[in-house]
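Each chain, letter by letter, is given below.
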Amino acid sequence: MRWMHEISAGHEARPANDTAPPTALTIAGSDSGGSAGMHADLRTFFACGVHGTTAVTAVTVQNTVGVTGLVEIPPETVAAQVDAVASDIGVDAAKTGVLASAATIEAVLDACDKHGIGREGRTPFVVDPVAASRSGEPLLRPDALDALRYKAFPRATLVTPNLDEVRLLTGIDAHTRADLLDAAKAIFDFGPQWVLVKSGHLANDPECVDVLFDGNEAIPLPGPRYATVHTHGAGDVFASAITAALAKGASMPDAVRSGKRFVTRSVSHAYPLGAGVGPVSTFWRVSPRSF
């Protein structure tokens, strides 16, 4: 005991770092396989240097083969999570994932409005309109689509649909790069400040050229297309990397370019997992080599 006292007396504790990083909130569902949803968002936030917080909207039962179950969290509990985080920790940017019902969407929007999260507030709000799993299982109730179109999109700073989601939300079936602007305009007409249409599903295009649109200017975002089936979570990683950049204060075009670079590298390091489709990898950001 005397030895321990002498050491304590002779060595003062070093001060800890008291500077908090920017914060980003994901309002999304879980993935028991760990590849997509809030798990992909949190990994991306960490790799991009922001503190990630969560409001869990649903618990999914899934692996690399598919989704076999989904349990919705009560809307009031989802909203309470948003309120708890925003009122104490604060939110520098927020994003959504699976919002399975109109009731959940309305509860989330009410909580976001309360804390200034959205295009009319001080905090950027990225709406990723996740409508179905990678293997095609629906993740939304029928009433959720109109709630997304007419309630969530007008509050959004950015909406980030893939081409399957564009078709479901607008009826536009894009098959070529020339169709992407029409898709972006159709989503923009619902009222978001910006639209990012992702072209990963244009399988016959040798590049992935996404389009960012603000109602006036269309900004093409070219990137390589990699020959891999392991793309689980790519959309989540893209949207959460954009959200992380917005949390750091980037402009929307710069944030989307940053997200594009991040997801491109993540796809290039995608790895096999289980018997089905493996995830894109954020490990490239924290490891000198891909696993």
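Refer to the structure presented above.
These remarks concern the structure in this document. A quick note: this is a predicted structure, and the numbers were derived from the prediction, not measured.

**Let's talk about the overall build of the chain**
Stage number 1. Counting its regular elements, the chain contains 9 helices and 10 strands.
Stage number 2. Against the compact-globule benchmark of 19 Å for 291 residues, the chain has a radius of gyration of 20 Å, which places it among compact chains.
Stage number 3. Excluding contacts between residues fewer than 6 apart, the proportion of contacts in the chain whose partners are at least 24 apart in sequence is 68%.
Stage number 4. For the chain, the accessible area works out to roughly 13500 Å², and carbon and sulfur atoms hold 55% of it.
Stage number 5. Computed over 24 positive and 31 negative side-chain charges, the inter-centroid distance for the chain is 6 Å.

**Overview of the environment of Ile187**
Stage number 1. By the element assignment, Ile187 lies in helix α7 (residues 178–188).
Stage number 2. Residue class for Ile187 comes out buried when judged on its relative accessible area of 0%.
Stage number 3. Contact partners of Ile187, with chain neighbours within four places excluded, come to Phe153, Val159, Pro161, Val166, Leu169, Thr170, Pro192 and Val195.

**Some points on helix α4 (residues 102–114)**
Stage number 1. If you check α4, its first and last C-alpha atoms are 18 Å apart, about what 13 residues at 1.5 Å a residue would give, namely 18 Å.
Stage number 2. Elements that come into contact with the buried residues of α4 comprise β1 (23–28), β4 (67–72), α3 (75–88), β6 (125–127) and α5 (142–152).
Stage number 3. One or two positions beyond α4, positive phi appears at Gly116, with a value near 70 degrees.

**Some points on the nonpolar core**
Stage number 1. Core analysis: the largest hydrophobic core is formed by 49 residues, its most contacted members being Leu25, Ile27, Ile105, Phe125, Phe153 and Val197.
Stage number 2. The element contributing the most residues to this core is α4, with 7 residues.
Stage number 3. Setting aside residues up to four positions removed in sequence, Leu25 forms contacts with Phe45, Thr53, Thr54, Ala55, Val82, Val85, Val91, Ala93, Ala94 and Lys95.
Stage number 4. In terms of nonpolar packing, the next biggest core, distinct from the first, is built from 32 residues, Leu212, Leu221, Ala234 and Ala247 among them.

About the criteria used
- Residues numbered from 1 in each chain as written.
- Predicted model: local features only at pLDDT ≥ 70, side-chain atom pairs only at ≥ 80, totals over all residues.
- Heavy atoms only, no water.
- Helix = DSSP H or I, 4+ residues; strand = E, 2+ residues; numbered from the N terminus.
- Rg over C-alpha atoms; globule rule 2.2 N^0.38 Å.
- Contact = heavy atoms within 4.5 Å.
- Areas by Shrake-Rupley, 256 points an atom, 1.4 Å probe, with all protein chains shown as cover.
- Lys, Arg positive; Asp, Glu negative; His and termini not counted.
- Charge placed at Lys NZ, Arg CZ, Asp CG, Glu CD.
- Buried < 20%, exposed > 50% of the residue type's maximum accessible area, 1.4 Å probe, protein only.
- Expected span 1.5 Å × (residues − 1).
- Core = buried A, V, L, I, M, F, W, Y, C linked by side-chain atoms within 4.5 Å.

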